[in-house]
Amino acid sequence: MVQRPHNLREVLFEFHQVGKHLRVNAIDPVSGTEVSMICDPKVGKESLKRLAMRKLIYVMERNAAKGKRPGGIDERA
């Protein structure tokens, strides 16, 4: 079971086989923020979900620190 931080109510995951690799997308449906990773399909899905969610949290925190609203819109503009 993947643990979510309190500020993320829901995270959507997509898995797509691309040749010998697996593309994993993690999406926050509230903000519309999306990240993707290319991974080895031999790694378990729960581990991939954890990694994708960590990347999603990192990107959301980075965007907040830069003053960007969800969707990459710069609040300073």
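Predicted model, so just to flag it, every value in this text is computed and none were measured. (Residues numbered from 1 in each chain as written. Predicted model: local features only at pLDDT ≥ 70, side-chain atom pairs only at ≥ 80, totals over all residues. Heavy atoms only, no water.)

This brings us to the pattern of salt bridges. Considering all chains together, one arrives at one salt bridge under this definition. Across the pair Lys49 and Glu46 runs a salt bridge whose closest N-O atoms are separated by 3.8 Å. Within this pair, Lys49 and its partner Glu46 are both found in helix α1 (residues 45-65), separated by three residues, close to a single helical turn. Note on Glu46: relative accessible area 34%, which makes it partly exposed. (Salt bridge = Lys/Arg side-chain N within 4 Å of Asp/Glu carboxyl O. Helix = DSSP H or I, 4+ residues; strand = E, 2+ residues; numbered from the N terminus. Buried < 20%, exposed > 50% of the residue type's maximum accessible area, 1.4 Å probe, protein only.)

With that settled, the discussion passes to the pairing of strand β3 (residues 34-39). Moving residue by residue along a regular strand, the side chains alternate between the two faces of the sheet. Because side chains alternate across β3, one face comprises the buried residues Val35, Met37 and Cys39, and the other comprises Glu34, Ser36 and Ile38, none of which is buried. Of the pairings in the sheet, the one linking strand β2 (residues 21-27) to β3 comprises six bridges and is antiparallel in character. In the strand pairing of β3, Arg23 is matched with Ile38. Linking two consecutive strands that pair antiparallel, namely β2 and β3, is a turn of six residues; a positive phi of about 80° is found at Gly32 within it. (Pairing = 2+ DSSP bridges.)

This part covers the sheet that holds β2. Taking strand neighbours across the sheet as the criterion, the three strands line up as β1-β2-β3 in an open arrangement whose pairing is antiparallel. Looking at which strands have only one partner, the edges of the open sheet turn out to be β1 (12-18) and β3. Each neighbouring strand pair of the sheet contributes to a mean axis angle of 20°, computed without reference to strand direction. This element, α1, spans β1, β2 and β3 of the sheet and lies at about 140° to β3. (Axes fitted to C-alpha atoms, helices over the stretch in contact; angles between N-to-C directions. Contact = heavy atoms within 4.5 Å.)

Moving on: the side chain of Ser31. Turning to its location among the elements, Ser31 is positioned in the loop between β2 and β3. Of note is the side chain of Ser31, whose polar atom sits 2.7 Å from the side chain of Asp28. A distance of 2.9 Å separates polar atoms of two side chains, one belonging to Ser31 and the other to Thr33. (Polar contact = N/O pair within 3.5 Å; in protein donor to acceptor, adjacent residues only side chain to side chain.)

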